[in-house]
Amino acid sequence: MLVGFEEDDGDFIPAMLRCCCCDFQRARDMGSSSSRLILLRRTTTSRWLSTATATVNKDREESLYSKLLALGEADANVADTLNQWVKDGKDLKRYNAISCINQLRKFGKYNHAIQLYEWLDKNKNNLNNSDRAIWIDLLAKTKGVASAEDYFNSLKETAKTMRTYGALLKCYCREHTLDKAMNLFEKMKEMSFASTSLNYNNLMSLHMKLGQPEKVPLLAQEMKEKDISFDIYTYNQLMNAYAAVNDIDAVERVVEEMEVKKFQRDWFTDGNLATIYVNTGLINKANAIIQKLEAMDNLNDREAFHTLIYLYMRTSNLTGVYRSWESLKLAFSKISNTSYLIMLSALSKLGDEEGLEKLFKEWESECSFYDVRVANVVLQSFLDRNKIKEALLLSETVVKRGAVPNLKTYDLFMTYHLKNHRMDLALNYLDLAASKLHPEKSQNWFPTRESVNAFVKYFKEEKDKEGAVKFGITMKKMGRVDYKLEEITGGTR
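Now for a look at the structure at hand. Keep in mind that this is a model prediction, so the values were computed, not measured. Starting afresh in each chain, residues are numbered from 1 along the sequence in its written order. Local features in this predicted model are restricted to residues of pLDDT 70 or higher, and side-chain atom pairs are both shown and tallied only at a pLDDT of 80 or more, whereas totals for entire chains, interfaces and linings draw on every residue. Calculation of side-chain values draws on the structure's entire complement of heavy atoms; hydrogens and water are dropped beforehand.

## Some points on the environment of aspartate 384
Strands are runs of DSSP state E lasting at least two residues, helices are runs of H or I lasting at least four, and both sets are numbered from the N terminus onward. Position of aspartate 384 among the secondary structure elements: in helix α21 (residues 372–384). On a C-alpha basis, the gap between aspartate 384 and tyrosine 416 in space is 7.9 Å, while along the polypeptide they are 32 residues apart.

## Comments concerning the nonpolar core
Buried together is how nonpolar side chains tend to be arranged in soluble globular proteins. Ranked by size, the top nonpolar core spans 144 residues in total, and within it Leu68, Leu116, Tyr117, Phe360, Tyr370, Phe455 and Phe471 carry the most contacts. Setting aside anything within four residues of it in sequence, one finds phenylalanine 455 in contact with Met414, Leu418, Met423, Ala426, Leu427, Leu430 and Phe471. Buried Ala, Val, Leu, Ile, Met, Phe, Trp, Tyr and Cys residues form a nonpolar core when they are joined through side-chain atoms within 4.5 Å. Exposure classes here rest on a 1.4 Å probe applied to the protein chains alone. A residue is buried below 20% of its type maximum, exposed above 50%, and partly exposed in between. Residue contacts are defined here by distance: any two heavy atoms, one from each residue, within 4.5 Å place the two residues in contact.

## What to know about helix α20 (residues 353–366)
Given a rise of 1.5 Å per residue, 14 residues ought to cover 20 Å, and the 20 Å separating the end C-alpha atoms of α20 matches this to within 8%. Buried residues of α20: Gly355, Leu356, Leu359, Phe360, Trp363 and Glu364, and no others. Summarising the axial view, the buried residues of α20 lie within an arc of 165 degrees, below the 170-degree limit, and thus occupy one face. For α20, the exposed residues lying more than 90 degrees away from the buried face are Glu354, Lys358, Lys361 and Ser365. In the core, the buried residues of α20 are packed alongside α18 (318–331), α19 (337–349), α21 and α22 (388–400). The span you would expect from a helix comes to 1.5 Å times its residue count less one. Throughout, the arc means the angular range of directions from the helix axis out to the C-beta atoms.

## A look at helix α10 (residues 178–190)
Between its first and last C-alpha, α10 extends 18 Å over 13 residues, near the 18 Å set by a 1.5 Å rise per residue. Inspection of α10 places Ala181, Leu184, Phe185 and Met188 among the buried residues, and these make up the whole buried set. Around the axis of α10, the buried residues are gathered within 105 degrees of arc, so they sit on the same side. Opposite its buried face, α10 presents the exposed residues Asp179, Asn183 and Glu190, each directed more than 90 degrees away. For α10, the secondary structure elements touched by its buried residues are α9 (162–174), α11 (197–209) and α12 (215–225). Where α10 terminates, the next one or two residues include serine 192, which has phi positive at roughly 60 degrees.

In structure tokens, the structure reads:
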């Protein structure tokens, strides 16, 4: 997955708009099926999960990092690579190793990162509290929360600090284990380890994920009573919580509080506020904030421009989309696949077919890595317009350029054939997609409820028992048993 970019059910949006680390959409979906996309700032939730690094020899560091990055996932043996590095007479200072760990984490190479930590520990490198906190986080991501708990419990009491407790709390919050999170948080309060905004922010995220936005203001009030300062993340969480219960007046009171306290509002907060206004239909207010965001000086974050493009798309402002794209190109000499993906998605949503195909050709001629997700945007546009020949040619190009069709690719073709009642082809693509499901990833969106219902409806109306059985076999292969096959086949299996 590209950094700063996230995929859910195949729709691509800026990662900063993927819901303030708390999945605001879940809270809103309790009463609405409309899309609710709020900002995500990763850096604030990981303040304790980073380690300071000294200035290092970049060539040496990048050379080691590239070797580690080149290792595969299943057969990765970081220890052998590090041992060979040392055997070749090359230095491996602790700060070089920690810098590599941070880079590996940034690109989702958690298994590599934890192996590097294990090697450091085995080779008598002293680990500090930040290292242990990161280790807890990595264990939870690679081996599960139980492994993180075991490691935490194995630590000496002197190593059970605010940071290691905070790391375990974050794991519980990420896994939605409310009881464990609350029990641990109470213990942290008894030990005076809960006196920072970070721990409260993580709990706010958890409540939002569980569809409990009403709990967030209570935590905010507790922070005020304990004289714990809000950070930018806290304010945005609070805005999202009020928005989730349709209390826009309260959202605006939060903004006013920030202004009274002379708290610096950045593009992240304005983007969040504009998104809330768009989601609640307050387009004039949204436009005012978007224009203010665009006029900010020294926008030097790609995500800021991605946010502008996305917001202008949401307000059906094609001119604003193109203007933000040109500003992004002026700000950065190299345009990333992520940026092209955001822009192409916006053009597709706004129906600018000519602009979409022109920009896609530009990307194809310049990209160093052929990202299938970029191609999927155009593929979907072709299929939506019944241009099946163009879609098939593009899918062939994807393979020729060294990319591999992904789950979304097959879903697009499956959906197209399903709508056109070409069941043999739809079932073939369903089976191909099933082979792409990753057991460690959350891909419950596939197939969508809409697709499942369409399959079932067809089999019932056409009395297609053979097709229904094939469908059932594939669904069972994916672990999806959220329907009754006998209702389709009349009891035949």
